[in-house]
Amino acid sequence: MNAFRLAIRNILDKPLNLLLSIILFALGVGLINFLILFNHQLKDKFESNLADIDLVLGAKGSPLQLILCNMYHIDNPTGNIKIGDAKPFLNPKHPIIASAVPLSLGDNYKNFRIVGTNYGFTELYKAKISQGKLWEAPLEVTIGQQVADETNLKIGDTFTSSHGFTDDVDLAHDHNAFKVVGILAPTGAVIDQLIMTQTSTIWQVHKHEEEEATETSAEEEHDHAEGEEHDHQEEPQVQTSTFPLGSNEELLTHPEESITSILVKYKSRTSFQALNMPRMVNENTSLQAAAPAYEINKLVDMVGVGTDGIKAIAYLIGFVSALSIFISLYRAMRDRKYELALIRVMGGKRSYIFNLIVLEGFLLALIGWTVGTILSHVSMEIMAGYLKSDFRYSFTGWIWLMEEWFLLGISLFIGVLSALIPALSAAKQDVNEVLDKG
Amino acid sequence: MTIISFEDVKFSYQSGQSLQFPDVNIQKGNTTLVLGQSGVGKTTCLHLMAGLMKPKSGNIVIIGSSIVQMTQSELDAFRGKNVGVIFQQNHFISALNVLENIEMSQYLSGGKKDTIFCKELLKRLDIADKWNKKTTALSQGERQRVAIARSLAAKPPIILADEPTSALDDANTTEVFKLLNDQAEYLGSTLVIVTHDNRLKDLVPHHINLNKS
């Protein structure tokens, strides 16, 4: 029986020792691997949602909230801003801004946010149409893939929105039915879970609310509808604007209307003016400017304290499991010293004994790593279920990362390393001395 | 034909105590007793014959080869091929069953695995039905028989036994000796028993006496 098969038989011979070593090792590997899987996907999510946006402009408040609300769509808006106040930033001739995409939030359908914006928004996330077309008229919407999957909305379907960010029948805007005209191909970014329409749709929906409440004349509505293609039930509007549909120039003709935020991309990120712009905005205007990369780094740093703690625990378990392999092999070596001496008497070389014990360490580590890796993927998948239902974040346990191979290498190295001392002392043991005492 | 010879062999322990062994000439096929009181170096003598230890001076020739010049790994291989050893205490590889323990001896000696021969040995030793038992599940007597089978499995020309009968009563002493002797004869191996058990004297014609020097 060669050393490999004998090593397998030896570790199987002590099932409780085997179990203990493997549980410890699997826990260490599992925890570290889980962190690798989770952090990798979290970073991916954050980064794909950064979408090269350099700056978010919105109402004053918490900069992190502004980012979380307008880029990740997981927090409430800090408030609204008047287009009149944001005029310079929406101006296409702004010297340092390459693109400025307006966002208007405030409604949802089955918890999916409805975003009033322009086509620049889909360009930010490089989203392509998979069915139908982009919105063209008020109340026409194009929906993200995840929205389509989970609400079963299809092209031509209509729905009414609900005010706010949680689905609530009492807050339904039941006068205005949205119509689905297109579905976007999946991007993996936040746009998959959004419903997009033009900015004026949001104004129109909320204007109706106000009208009902105040019973004012239709005058205001005509105001807001001015310059828009618009198949409203009232008298058809003459299109007075010559600006392209949804362009910022068009928005600028409604200085009294509100939007939630503006997503800004600089012409040059490193220019002096660009670097100064957030401070300039925050000090000199009624708006707030927040840089996503900075805020997200801050957030990750804060959350990172938690993951660092878990990491430290994982390394501690890793160390303890290496120690447990060492102790279990060392004890096994002492318990079996007569066996090992016998192997020598029967003609086995020192190298056979050495290989035998090193292989046992190797096998323990290999089994521990396998169990731990399976454990981490399964628990990632289970957690993905919760993350999905709570945050609509699509994590998965069924991915394989390069880092996991490194973890395998490190695991096997630890297994062999902790077997080294027992293996050497077993190989060097004096046969006749052991047998004399037997 | 001389199968084991000692020429002016001196051995010294780590404690500094040294032993002078008488010159030994054991002929092929002659079952031989190495006798002596406790402490005269019987086990040391056996370890020297098995190549488990090296003498301080002198020469030991086993089957025509001087083993004092061999390296450790040459010795391991030489012993595995040529010498079967039965120790006072019977130790086995606990993870393996009876048959696997016996086959292990064949593997380690560098020979081919021969399951049929191993099973035949077990049958001759009357423990054929125990082949798949763990050695820990056996009685003391059964363990000794497995140890005998193991020492024979690689068909070595020499079998060394260390006090195989010291713990047995008279009836069992005769039986175990006969078992050992019969199997050695069957394989054409030369049996050397190291013992202080005087009961064996009458059964074995060739004696070597170790005395305190």
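Residues numbered from 1 in each chain as written. Chains lettered and ligands numbered in written order. Predicted model: local features only at pLDDT ≥ 70, side-chain atom pairs only at ≥ 80, totals over all residues.

A word on the overall build of chain B. On a plain count of helices and strands, chain B comes out with six helices and ten strands. Considered along the principal axes of its C-alpha atoms, chain B spans approximately 45 × 40 × 35 Å. The 213 residues of chain B split such that 46% are buried. When contacts within chain B are restricted to residue pairs at least 6 apart in sequence, those whose partners lie at least 24 apart make up 71%. (Helix = DSSP H or I, 4+ residues; strand = E, 2+ residues; numbered from the N terminus. Buried ≥ 20, exposed ≤ 12 C-beta atoms within 10 Å, placed from the backbone. Contact = placed C-beta atoms within 7 Å.)

This brings us to the packing of helix 3 (residues 98-108) of chain B against helix 4 (residues 115-124) of chain B. Residue and element names in this part refer to chain B. One can describe the packing of helix 3 onto helix 4 by two numbers: an axis separation of 10 Å at closest approach and a directional angle of 120 degrees. If you check the angle between helix 3 and helix 4, you find them oblique. Crossing handedness for the pair helix 3 and helix 4: right-handed. Where helix 3 abuts helix 4, its residues L99, I102 and E103 lie against T115, C118 and L121. (Axes fitted to C-alpha atoms, helices over the stretch in contact; angles between N-to-C directions. Parallel < 35°, antiparallel > 145°, perpendicular 65-115°, else oblique. Left-handed = near helix turned anticlockwise from the far one by under 90°.)

On to the interface of chain A and chain B. Listed as interface residues are 20 residues of chain A and, on the opposing side, 27 residues of chain B. Elements represented by at least two residues in the side of chain A that touches chain B include exactly helix 1 (3-13), helix 12 (337-345) and helix 15 (431-437) of chain A. Tallied by class, the residues present in the side of chain A that touches chain B amount to eight nonpolar, five polar and seven charged. (Nonpolar A, V, L, I, M, F, W, Y, C, P; charged D, E, K, R; others polar.)

To continue, consider helix 10 (residues 272-284) of chain A. All names here are of chain A. Here helix 10 spans 17 Å end to end across 13 residues, near enough to the 18 Å set by a 1.5 Å rise per residue. Taken together, the buried positions of helix 10 are occupied by M277, P278 and V281. Considering only its buried residues, helix 10 is in contact with strand 1 (55-59) and strand 12 (287-290). (Expected span 1.5 Å × (residues − 1).)

This part covers the nonpolar core. A general feature of soluble globular proteins is that nonpolar side chains tend to end up buried together. Ranked by size, the top nonpolar core spans 115 residues in total, and within it I353 and I357 of chain A together with A149, L160 and V192 of chain B carry the most contacts. In terms of residue count, helix 13 (residues 350-391) of chain A provides more of this core than any other element does, 13 residues in total. In contact with I357 of chain A, not counting residues within four places along its chain, are L329, M333, A419, P422, A423 and A426 of chain A. Grouped together as the second largest cluster of nonpolar side chains are 57 residues, A51, L57, I143 and V264 of chain A included. (Core = buried A, V, L, I, M, F, W, Y, C linked by C-beta atoms within 7 Å.)

Moving on to the sheet that holds strand 4 (residues 32-35) of chain B. All names here are of chain B. An order of 7-8-9-4-10 is seen for the five strands of this open sheet, with the pairing classed as parallel. Taken across any chain shown, the strands that pair with only one partner, and hence form the sheet edges, are strand 7 (83-86) and strand 10 (206-209). Mean inter-strand twist for the sheet, computed between neighbouring axes without regard to direction, equals 20 degrees. Two elements, strand 8 (residues 158-162) and strand 9 (residues 190-195), share five bridges in a ladder whose sense is parallel. Looking at strand 9, one finds that L160 is bridged to V192. (Pairing = 2+ DSSP bridges.)

Next up on the list: the packing of helix 2 (residues 15-50) of chain A against helix 14 (residues 402-428) of chain A. All names here are of chain A. Following both chains from N to C, one finds helix 2 and helix 14 inclined at 160 degrees, their axes separated by 10 Å at the closest point. As the angle between them shows, helix 2 and helix 14 are arranged roughly antiparallel. For the pair helix 2 and helix 14, the crossing hand works out as right-handed. Between helix 2 and helix 14, the residues in contact are V29, I32, N33 and I36 and E403, E404, L407 and S411, respectively. A class-by-class count of the residues in the contact of helix 2 with helix 14 yields four nonpolar, two polar and two charged.

On to the confidence of the model for chain B, then. Residue and element names in this part refer to chain B. For chain B, the average pLDDT comes to 91, and 99% of its residues sit at 70 or higher. Per-residue pLDDT, averaged within each element of chain B, yields its smallest value for strand 2 (residues 18-20) (89) and its largest for helix 3 (95). Here the predicted complex scores 0.78 on pTM and 0.91 on ipTM. (pLDDT = per-residue confidence, 0-100.)

This paragraph deals with the confidence of the model for chain A. With 88% of its residues at a pLDDT of 70 or more, chain A shows a mean pLDDT of 85. Here residues 216-241 of chain A is modelled with pLDDT under 50, and outside its nearest four sequence neighbours on either side it reaches 32 contacts, counting other chains as well.

For the rest of this paragraph, the subject is the environment of K388 of chain A. All names here are of chain A. The topology assignment puts K388 in helix 13. Since 15 C-beta atoms lie within 10 Å of it, K388 is described here as partly exposed. It is 31 Å that separates the C-alpha atoms of K388 and W203, two residues lying 185 residues apart in sequence. Setting aside its immediate chain neighbours within four residues, K388 contacts Y393 and S394.

All names here are of chain B. As defined by bridge partners, strand 1 (residues 2-12) adjoins strand 3 (residues 24-27) across four bridges and the pair is classed as antiparallel. By the bridge assignment for strand 3, F6 is matched with V24. Here five bridges tie strand 1 to strand 5 (residues 57-62), and the two strands are oriented antiparallel to one another. Looking at strand 5, one finds that E7 is bridged to N59. Judged from the three bridges that link them, strand 1 and strand 2 form a sheet pairing that is antiparallel. Counterpart to F11 in the pairing with strand 2 is L19. Joining the antiparallel neighbours strand 1 and strand 2 is a turn of five residues, in which G16 adopts a positive phi near 105 degrees.

This part takes up the pairing of strand 11 (residues 261-266) of chain A. Residue and element names in this part refer to chain A. Buried residues dominate strand 11, accounting for five of its six residues. As defined by bridge partners, strand 1 adjoins strand 11 across four bridges and the pair is classed as antiparallel. The partner of L57 across the bridge, within strand 11, is I262. Relative to strand 11, strand 3 (residues 97-109) runs antiparallel, the two sharing six bridges. Within strand 11, the position partnered with P102 by the bridge is I262.

With that settled, the discussion passes to the environment of E163 of chain B. For E163 of chain B, the position within the fold is in the loop between strand 8 and helix 6 (170-187). Sequence-wise, E163 of chain B and F87 of chain B are 76 residues apart; in three dimensions their C-alpha atoms are separated by 7.3 Å.

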